[in-house]
Amino acid sequence: MHHFQYKDGTLHAEDVPLTDIAAEVGTPFYCYSTATLERHYRVFAEAFEGTDTLVCYSVKANSNLAVIKTLGDLGSGADIVSEGELRRALAAGIPPERIVFSGVGKQAQELAFALETGIHQFNVESEPELELLSQIASNMGKEAAIALRVNPDVDAKTHEKITTGKAENKFGISWLQAPRVYARAAALPGIKVAGVDVHIGSQLTDLAPFEEAFTRVASMVEELRAAGHDITRLDLGGGLGIPYRGTNDVPPPPADYAAMVKRTVGHLGCQLMFEPGRMIAGNAGILVVNVIFEKHGEDRSFLIIDGAMNDLIRPTLYDAYHDIQPVTETAPDEARLTYDIVGPICETGDFFAKGRTLSAQKPGDLLAVMSAGAYGAVQASTYNTRPLVPEVMVNGSQFTVIRPRPSYDVMLEQDRLPDWLTN
Ligand code: LLP
């Protein structure tokens, strides 16, 4: 469920016509709906009501301060993977005791900064990371609460580039090695073993792989407790999929996910931590683009739009499907055409959709690329010296630019000419 609907023939974000935003901000732009972000957070959190739960929104999905703060104000914590994301979470007002630090390649200065701020937990992904954290924490006179991220060797049955829980993936510590590494962790200064962490992938549309992984984790917790470890927390990661094809896609509802979680690990009495990203932000954002040309080729028609792969890389990187809706509602009897919807970048991979059936579009028409709130703006680049797309947040009938489009002057000022080229 999201709050991008047609009203009087025009697609709105909540109560704001997208045409109004386009007129003020220009295209392309990302547009986020506060009501949708809030709804998704609440649906997830409420599914665990009555259990000791910490929902840590995965900042990587959409790290705009306004998005993080919207969720933080509802009680969300943050899952971060870099010092930059930690700084964002703190700047958005997330208390350190609701922050968990994930990631395979944490560096010394990042660990020190996180220890300084006093975050809730470090999810440790290797023995060298554990040793480094121990060394830094003990030098600082601090104790780091840790979970080992366990790799359960379970196939998440999602796109290969977002599968993380197989033995061949770089993530986590093999569940077979984990008991030995826990014993090592317990003996290290500056380390407090607190929990177990698992995250097997993203955009999972079936609960079975989760269930397999969580069941494996539950027996591991019992084994670790028997070995004397005080395991009080379970971080079950993110990964719950969202509908990208409107009502044709039916990923598991959060309530079913929660029931499965309680069934598999509920008896352990741990604090349950979660790191949802896409599930919260994905359908809370769209990318609005403008048609530049309609071009009729030999065997197909192209809509050339002003958004491109640098703005939203998901279609070309993950073969991802995004619904594309004309901002002006299509009349039921209007003729439909089939288009490849492509951007201006000089690469064949620069497309948003192929063979998509839409009402006839002409230059100046606006299109909304749906489900672009997660892994959209955060993965954008300035390839082809295209300015980063601005981000807009809507709340009821109000809207605000929460990141402006940089000017070309600002972009060019980033570069420096060396002395030998200026003399
Ligand atoms: N926790 C960890 C340790 C993760 O690596 C991720 C995502 C999450 C939580 C959040 O997962 P989510 O709930 O959003 O599925 N750029 C890709 C997705 C990459 C996911 C990376 N890790 C895409 O556009 O599909």
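Scroll up to find the structure this text is about.
Residues numbered from 1 in each chain as written. Predicted model: local features only at pLDDT ≥ 70, side-chain atom pairs only at ≥ 80, totals over all residues. Heavy atoms only, no water.

One can describe the packing of helix H5 (residues 108–117) onto helix H6 (residues 127–140) by two numbers: an axis separation of 10 Å at closest approach and a directional angle of 45°. In this view, H5 runs oblique relative to H6, as classed from their interaxial angle. Crossing hand, H5 versus H6: right-handed. Seen from H5, the contacting residues are Ala108, Leu111, Ala112, Leu115 and Glu116; seen from H6, they are Leu132, Leu133, Ile136, Ala137 and Met140. Tallied by class, residues from the contact of H5 with H6 come to nine nonpolar, no polar and one charged. (Axes fitted to C-alpha atoms, helices over the stretch in contact; angles between N-to-C directions. Helix = DSSP H or I, 4+ residues; strand = E, 2+ residues; numbered from the N terminus. Parallel < 35°, antiparallel > 145°, perpendicular 65-115°, else oblique. Left-handed = near helix turned anticlockwise from the far one by under 90°. Contact = heavy atoms within 4.5 Å. Nonpolar A, V, L, I, M, F, W, Y, C, P; charged D, E, K, R; others polar.)

Moving on to the nonpolar core. Residues Phe122, Ile146, Phe214, Leu234, Tyr257 and Val261 are the most contacted members of the largest nonpolar core, which totals 99 residues. Top contributing element to this core by residue count: helix H8 (residues 208–226), with eight residues. In this structure, this core is formed jointly by two domains, domain 1 (4–31 + 283–412) and domain 2 (34–281), each of which donates at least three residues. Residue contacts for leucine 234: discarding those within four places in its chain leaves Val196, Val217, Val221, Val265, Leu268, Cys270, Gln271, Leu272 and Met273. (Core = buried A, V, L, I, M, F, W, Y, C linked by side-chain atoms within 4.5 Å. Buried < 20%, exposed > 50% of the residue type's maximum accessible area, 1.4 Å probe, protein only. Domains from an automatic or database assignment.)

This part takes up the pairing of strand E5 (residues 53–58). Of all six residues in E5, five are buried; the element is thus mostly enclosed. Relative to strand E13 (residues 271–274), E5 runs parallel, the two sharing three bridges. Paired with threonine 53 across the bridge in E13 is leucine 272. Here three bridges tie E5 to strand E6 (residues 77–80), and the two strands are oriented parallel to one another. From the neighbouring strand, serine 58 faces E6, where its bridge partner is aspartate 79. Chirality of the crossover, the property in question, places the unit of E5, helix H3 (residues 65–72) and E6 among those that are right-handed. (Pairing = 2+ DSSP bridges. Right-handed = clockwise from strand over helix to strand, strands pointing away.)

Taking strand neighbours across the sheet as the criterion, the three strands line up as E1-E2-E3 in an open arrangement whose pairing is antiparallel. Strand pairing shows two members of the sheet lacking a second neighbour, strand E1 (4–7) and strand E3 (16–17), which therefore form its edges. The pairing of strand E2 (residues 10–13) with E3 spans two bridges and is classified as antiparallel. The residue of E3 that forms the bridge with histidine 12 is proline 17.

What follows covers the packing of helix H4 (residues 83–91) against H5. The geometry of H4 relative to H5 is characterised by a closest axis approach of 10 Å and an angle of 25° between their N-to-C directions. As far as their axial angle goes, H5 and H4 are roughly parallel. Relative to H5, the crossing made by H4 is left-handed. Counting all contacts with H4, which are made through Glu83, Leu86, Arg87 and Leu90, the residues of H5 involved are Gln109, Glu110, Phe113, Ala114 and Thr117. Residue composition of the contact of H4 with H5, by class: four nonpolar, two polar and three charged.

Looking along a regular strand, one sees side chains alternate from face to face of the sheet. Judged by which residues are buried, E13 turns out to be covered on both faces: Gln271 and Met273 on one side and Leu272 and Phe274 on the other are all buried. In terms of strand pairing, strand E12 (residues 233–235) meets E13 through three bridges, oriented parallel. Counted as the bridge partner of leucine 234 is leucine 272 from E13. Each parallel crossover has a hand, and the one from E12 via helix H9 (residues 254–265) to E13 is right-handed.

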